[in-house]
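An overview of the molecular structure
Chain by chain, the residues:
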Amino acid sequence: DSGVTQTPKHLITATGQRVTLRCSPRSGDLSVYWYQQSLDQGLQFLIQYYNGEERAKGNILERFSAQQFPDLHSELNLSSLELGDSALYFCASSVRSGYGDTQYFGPGTRLTVL
Amino acid sequence: AQTVTQSQPEMSVQEAETVTLSCTYDTSESDYYLFWYKQPPSRQMILVIRQEAYKQQNATENRFSVNFQKAAKSFSLKISDSQLGDAAMYFCAYRSIFGNEKLTFGTGTRLTIIP
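Residues numbered from 1 in each chain as written. Chains lettered and ligands numbered in written order. Predicted model: local features only at pLDDT ≥ 70, side-chain atom pairs only at ≥ 80, totals over all residues. Heavy atoms only, no water.

**Details of the nonpolar core**
Generally speaking, soluble globular proteins have nonpolar side chains that are buried together. Residue and element names in this part refer to chain B. How we decide: Nonpolar core, defined: a set of buried Ala, Val, Leu, Ile, Met, Phe, Trp, Tyr and Cys residues in which side-chain atoms within 4.5 Å join the residues together. Exposure is judged per residue with a 1.4 Å probe applied to protein chains only, and the accessible area is read against the type maximum: over 50% gives exposed, under 20% gives buried, and values in between give partly exposed. Helix numbering and strand numbering both begin at the N terminus, where a helix is a DSSP run of H or I of at least 4 residues and a strand a DSSP run of E of at least 2. In what follows, residue pairs with any heavy atoms lying within 4.5 Å of each other are defined as contacts.
Grouped together as the largest cluster of nonpolar side chains are 25 residues, with contacts concentrated most on Tyr 25, Trp 36, Phe 75, Leu 77, Tyr 90 and Leu 111. Secondary-structure elements contributing two or more residues to this core are β3 (19–21), β5 (32–39), β6 (46–52), β8 (64–69), β9 (74–79), β10 (88–96) and β12 (109–114). The dominant element in this core, judged by the number of residues it contributes, is β10, at four residues. For Leu 77, the contacting residues outside a window of four places in its chain are Val 19, Thr 20, Leu 21, Trp 36, Val 48, Ile 49, Phe 64, Ser 65, Val 66 and Tyr 90.

See below:
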């Protein structure tokens, strides 16, 4: 158990819908990262937040957005869902930003878009 | 942009034997971090080992060790005394020291342990 929690574990929804994935980092971790794991794209970085502020962006679609709240939990919002958005979404956290701290991953949320 | 290549989609090893998983990467940076993550059937991503490029000594964690060849841009993972619980997908990952802290992953190697 990494100490990173993600809810829900599984999510099944229809095309065109909107969903929210939630992540709670390890106690004391200020940095949160979101990754997408799909069969065709592999593991890809989406976005990073540090202490409430966006720190870096990766291959995140405009239909996707994220935020980190004052209690440091983070949410990833996916809208206008398409079949291709079906994937495993991971959240990871690290203590700081800019110091090479190891990223610890949560168990993931499996999203299925029908 | 950095790339990570794992050329072995699948590997198998007899229980108690030793296996080496390969990873190469491409970068123009002189300092960086390298990682091996394990993803068992539960899908959880578990850190196996990390290596700082500025350290010449190869990292070791119990039965897991790496062979880091900086000039060749090679970062292989050796698993000794393989156990059934080692069966998983193994991902090699790269991270820059400066700038974007994202992990860039390879495509993974599926390791099967033969009893």
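**Describing the interface of chain A and chain B**
Just so we agree on the cut-off: What counts as buried area is the accessible surface, traced by a 1.4 Å probe, that two parts surrender upon association, with contributions from both included. The salt bridge definition used is simple: a Lys or Arg side-chain nitrogen within 4 Å of an Asp or Glu carboxyl oxygen. Polar contacts, as counted here, are pairs of nitrogen or oxygen atoms within 3.5 Å of one another; within protein the pair requires one atom able to donate a hydrogen and one able to accept it, and residues that are adjacent in sequence qualify only if both atoms are side-chain atoms. Here the nonpolar group is Ala, Val, Leu, Ile, Met, Phe, Trp, Tyr, Cys and Pro; Asp, Glu, Lys and Arg are the charged ones; every other residue, Gly included, is treated as polar.
Counting from both sides, the interface comprises 24 residues of chain A and, opposite them, 16 residues of chain B. If you sort the residues of chain A by the area they bury against chain B, Leu 43, Gly 100 and Phe 105 of chain A come out on top, with a joint share of 32%. Viewed at the interface, chain B and chain A are joined by zero salt bridges. At the boundary of chain A with chain B, the tally comes to nine residue pairs in polar contact (both at pLDDT 80 or more). Each residue belonging to the side of chain A that touches chain B can be placed in one class, and the counts come to ten nonpolar, nine polar and five charged.

**Topic: the packing of aromatic side chains**
Going by this rule: Paired rings are identified among Phe, Tyr and Trp, the last through its six-membered ring, by centres lying within 6.5 Å, and are further divided according to the angle between planes into stacked (under 30 degrees), edge-to-face (over 60) and tilted (the rest).
All chains considered together, the criterion is met by 16 aromatic pairs over all chains. Between the aromatic rings of Phe 64 of chain A and Tyr 89 of chain A, the centroid separation amounts to 6.5 Å while the plane-to-plane angle is 70°, which identifies the pairing as edge-to-face. Placement of Phe 64 of chain A in strand β7 (residues 64–68) and of Tyr 89 of chain A in strand β9 (residues 87–94) is noted, with a sequence separation of 25 residues between them. Each member of the pair, Phe 64 of chain A together with Tyr 89 of chain A, is buried. Their ring planes at 75° and their centres at 5.2 Å tell us that Phe 105 of chain A and Tyr 37 of chain B sit as a pair that is edge-to-face. With one member in each of two chains, Phe 105 of chain A in strand β10 (residues 104–105) and Tyr 37 of chain B in strand β5 form a pair that bridges those chains.

**Looking at the pattern of salt bridges**
Applying the stated criterion across every chain, the model contains nine salt bridges over all chains. The salt bridge partner of Arg 26 of chain A is Asp 29 of chain A, with a shortest N-O separation of 2.8 Å. Its relative accessible area of 2% is what places Asp 29 of chain A among the buried residues. One salt bridge in this structure joins Lys 73 of chain B and Asp 26 of chain B, with 3.8 Å as the shortest N-O distance. Highlighted residues: Lys 73 of chain B in the loop between β8 and β9 and Asp 26 of chain B in strand β4 (residues 24–26), separated in sequence by 47 residues. Taken together, the shared-partner salt bridges connect Arg 63, Glu 82 and Asp 85 of chain A into one network.

None of the figures reported here should be taken as evidence of function without further support.
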